[in-house]
Amino acid sequence: MSTSVSPLAPTDVPDMPAIAGVKLATAAAGIRYKNRTDVLLAVMDKGTTAAGVFTKSKCPSAPVEWCRAKLGRGQARALVVNSGNANAFTGKTGKQSTALTAQIAAKAVGCSTSDVFLASTGVIGEPLDATKFDGVLATLAETATSDHWMDAAKAIMTTDTFPKVATATVKLGKTKVTINGMAKGAGMIMPDMATMLSFVFTDAPVSSAVLQSLLKSGVEDTFNAITIDSDTSTSDTLLAFATGTAAANGAPKISRASDPRLKAFAKAFHEVLADLAEQVARDGEGARKLVEVIVEGATTKTSARKIAMSIANSPLVKTAIAGEDANWGRVVMAVGKAGEPANRDKLSISFNGIRVARSGARDPSYNEAEVSEVMKNPKIQIKVALGLGKGRDRVLTCDLTKEYVAINGDYRS
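Residues numbered from 1 in each chain as written. Predicted model: local features only at pLDDT ≥ 70, side-chain atom pairs only at ≥ 80, totals over all residues. Heavy atoms only, no water.

1. Some points on the packing of aromatic side chains
Under the convention used in this document: Pairs were defined over the aromatic rings of Phe, Tyr and Trp, the Trp ring being its six-membered one, requiring ring centres within 6.5 Å. Orientation was assigned from the angle between planes: stacked under 30 degrees, edge-to-face over 60, tilted for the rest. Strands here mean DSSP runs of E at least two residues long; helices mean DSSP runs of H or I at least four residues long; both are numbered from the N terminus. Working definition: with a 1.4 Å probe on protein chains only, accessible area under 20% of the residue-type maximum means buried, over 50% means exposed, and in between means partly exposed. We call a charge positioned above a ring when the Lys NZ or Arg CZ atom is no farther than 6 Å from the ring centre and deviates by at most 35 degrees from the ring normal.
Counted by the stated rule, this structure contains five aromatic pairs. Aromatic pair W328 and Y366: ring centres 5.1 Å apart, planes at 70°, arrangement edge-to-face. Note that W328 is positioned in helix α9 (residues 328–337) and Y366 in the loop between β13 (361–362) and α10 (368–374), a separation of 38 residues in sequence. Classification of W328 by relative accessible area gives partly exposed; the value is 21%. Ring-pair connections join several aromatic residues into one group, and the members of that group are F117, W149, F201 and F241. Between R36 and the ring centre of Y33, over which it is positioned, the NZ or CZ distance is 4.3 Å.

As structure tokens, then:
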């Protein structure tokens, strides 16, 4: 966790309301960090439904495998998250650690281990000493309250420079329901399902199947449309929990994703995911610029996404942005290497609304001074028009600075 907050951090941090049926507590268990909280326990009421999406990495962490195995029940009573150690690439020891952690949590909360979900983030390859949770989780279960959202978001941070939270209130039927979310992530970010770690809670009475549908569709243009460094984590986890307590106030129970009463809720749910995803992009390790890449005129949306990711993941493009250089040649390179349909002589490129290239060549009206001035902005938009079809997509990334190398060069030190 950095002591210097990213210059791209949101200036307006929301007040996180309580959600009936969810209590949170944090502690310093000494997993890896000293003098800071590194464990989060969320305790949820009986009847809470659960859904999740996870990394597609072929080397998943032990907690990811644990959650996948438990998700079929669609129920949850507890969530335990630790930072500092990812419990990934830890073999049988990793599985034993997850089992022991779940046993300790289940005893503390008074539930089955099958209703305990786990997530870990931090160094890969180091054994996680789960005995450090013994006693800690019992105390957290006793002291958990409904107002520790910011503390919870801080406890799951690693190289993050600020806690990431988002909230929305929306009507389900005639009853107001709340959606709260938190996320962590700053490096090893090119999700292939969700984000590094993210947790969403609501008091809406929605089934696990509905939650799963909302997550599956929601991640595609939010968490799956961000990248920091093109690396997909072993630990990527996005979990959603619905306590259903709003039913007592008249909120209708939703059991089908096609239920028309779900429309406003689904939109708000998506907005929370989008907010959290952008915050992750804003907190890219060493980042000084938020970069929005828009590709339009592609043959399909899928093709546009691949080209946009090619641009967003290019070290040459990202370092040019860091140097405030509108180097469209590097963008052309990234388009060309994507392996998708493109016609050099139809290509147009803009930086922050100023067209620098048109029809496969430098724009005749190009003005170096004008473009250099807009490149000083903290947010840079790169727009590429391919002129081939109606496919369009958008991804978020950040620049690549010397600090990224410094952070990752010293990560295990």
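2. What to know about the domain arrangement of the protein chain
To be explicit about the condition: An automatic or database domain assignment provides the domain bounds reported here. Pairs of residues are marked as contacts when any of their non-hydrogen atoms sit within 4.5 Å. Buried area is a sum: the accessible area each of two parts loses on coming together, probed at 1.4 Å, counted once for each and added. In the sections that follow, a salt bridge refers to a side-chain nitrogen of Lys or Arg positioned within 4 Å of a carboxyl oxygen of Asp or Glu. N or O atoms closer than or at 3.5 Å make up a polar contact, with two conditions inside protein: a donor-capable atom paired with an acceptor-capable one, and, for residues adjacent in sequence, both atoms drawn from side chains. Under the grouping applied here, Gly and all other residues not named as nonpolar or charged are polar, the nonpolar ones being Ala, Val, Leu, Ile, Met, Phe, Trp, Tyr, Cys and Pro and the charged ones Asp, Glu, Lys and Arg.
The domain architecture assigned to the protein chain consists of domain 1 (22–283) and domain 2 (290–410). If you look at the interface, domain 1 gives 14 residues, while domain 2 gives 15 residues. Summing both partners gives a buried area of about 1,200 Å² for domain 1 against domain 2, and 55% of it is carried by carbon and sulfur. For the domain 1 face of the interface with domain 2, the top three residues by lost area are A225, T227 and I228, together amounting to 35%. At the surface where domain 1 touches domain 2, the tally comes to two salt bridges. For K301, the salt bridge goes to D221, with nearest N and O atoms at 3.2 Å. At the junction of domain 1 with domain 2, the criterion picks out eleven residue pairs in polar contact (both at pLDDT 80 or more). Within the side of domain 1 that touches domain 2, the residues separate by chemical class into five nonpolar, four polar and five charged.

3. Quick word on empty space enclosed by the protein
For the record, the criterion: Two kinds of site are reported from a 1 Å grid over the protein atoms alone, namely cavities, where a 1.4 Å probe fits but cannot get out, and pockets, open sets with protein on both sides within 12 Å along at least five of seven lines, and residues are called lining when an atom falls within 4 Å of a point. Grid points are joined across faces, edges and corners, and a volume is the space filled by probe spheres set on the points.
Following the criterion strictly, the structure yields two cavities of 30 Å³ or more and no others. Considering only enclosed or pocket space, the largest cavity measures out at about 100 Å³ in volume. As for the largest cavity, its lining consists of 15 residues, of which S4, T161, G286, R288 and E403 are closest to the centre. Of the residues belonging to the lining of the largest cavity, the class tally is four nonpolar, seven polar and four charged. Within this model, the second largest cavity holds a volume of roughly 60 Å³. Contributions of two or more residues to the lining of the second largest cavity are made by β4 (78–85), α2 (91–109) and β5 (116–123). For the lining of the second largest cavity, the residue count by class is six nonpolar, six polar and no charged.

4. Description of the sheet that holds strand β3 (residues 49–54)
Put simply, the rule is: Strands qualify as paired when DSSP identifies two bridges or more between them. All axes are obtained by fitting lines to C-alpha atoms, using only the stretch in contact for helices, and the reported angles, taken between N-to-C directions, cover 0 to 180 degrees.
Strand order across the open sheet formed by five strands is β3-β9-β8-β7-β6, with mixed pairing between neighbours. The outermost strands of the open sheet, each flanked by one partner alone, are β3 and β6 (164–172). Going across the sheet, the axis of each strand differs from the next one's by a mean of 15°, ignoring polarity. Here β3 runs beside strand β9 (residues 237–242); their pairing, made up of six bridges, is antiparallel. Each bridged residue has a counterpart across the sheet, and for A51 the counterpart in β9 is A240. Strand contacts of helix α5 (residues 208–218): β3 and β9, with the helix running at about 30° to β3, the strand carrying the most contacts.

5. Some details on the nonpolar core
For clarity, the cut-off: Joining through side-chain atoms within 4.5 Å is the link that ties buried Ala, Val, Leu, Ile, Met, Phe, Trp, Tyr and Cys residues into a set, and such a set is a nonpolar core.
With 53 residues, the main nonpolar core has L79, F117, L137, M182, F199, F201 and F241 as its most contacted residues. No other element matches the six residues that strand β2 (residues 39–44) contributes to this core. Apart from the residues lying within four places of it in its own chain, the contact partners of M182 are L40, W149, A152, A153, I156, K164, V165, L197, S198, F199, F201 and L276. Ranked by size, the runner-up nonpolar core spans 43 residues in total, among them A51, V53, V170 and L215.

6. Some words on the sheet that holds β13
Strand order in the open sheet formed by six strands is β13-β12-β11-β14-β10-β15, and the pairing between neighbours is mixed. Each edge of the open sheet carries a strand with a single partner, namely β13 and β15 (391–398). Here strand β11 (residues 348–351) runs beside strand β14 (residues 379–385); their pairing, made up of four bridges, is antiparallel. Within β14, the position partnered with S350 by the bridge is K383. Taken strand by strand, helix α7 (residues 301–312) contacts β10 (290–298), β14 and β15, and its axis lies near 25° from that of β15. The strands touched by helix α8 (residues 315–322) within the sheet are β10, β11, β14 and β15, with β14 carrying the most contacts at an inclination of about 135°.

7. Some points on the side chain of S198
Along the polypeptide, S198 turns up in strand β8 (residues 197–202). Residues contacting S198, with those up to four places away along its chain left out, are M182, A183, F223, T237, L238, L239 and L276.

8. Examining the pairing of strand β12 (residues 354–358)
With three bridges connecting them, β11 and β12 associate as antiparallel partners. Bridge pairing in β12 links S350 to R355. What sits between β11 and β12 in their antiparallel hairpin is a turn of two residues, with N352 showing a positive phi close to 50°. The hairpin turn running from β12 into β13, its antiparallel successor, is two residues long, and S359 in that turn takes a positive phi close to 55°.

9. Considerations on the pattern of salt bridges
Any two side chains of opposite charge can pair, on the condition that their charged atoms come close. Inspection of every chain in the model, using the stated rule, returns 18 salt bridges. Residue D160 is joined to K184 by a salt bridge in which the shortest nitrogen-to-oxygen separation is 4.0 Å. Of the two residues, D160 is situated in the loop between α4 (149–155) and β6 and K184 in strand β7 (residues 175–184); the sequence distance between them amounts to 24 residues. The shortest N-O distance in the salt bridge between R261 and D259 comes to 2.8 Å. Residue classification places R261 among the partly exposed positions, given a relative accessible area of 42%.

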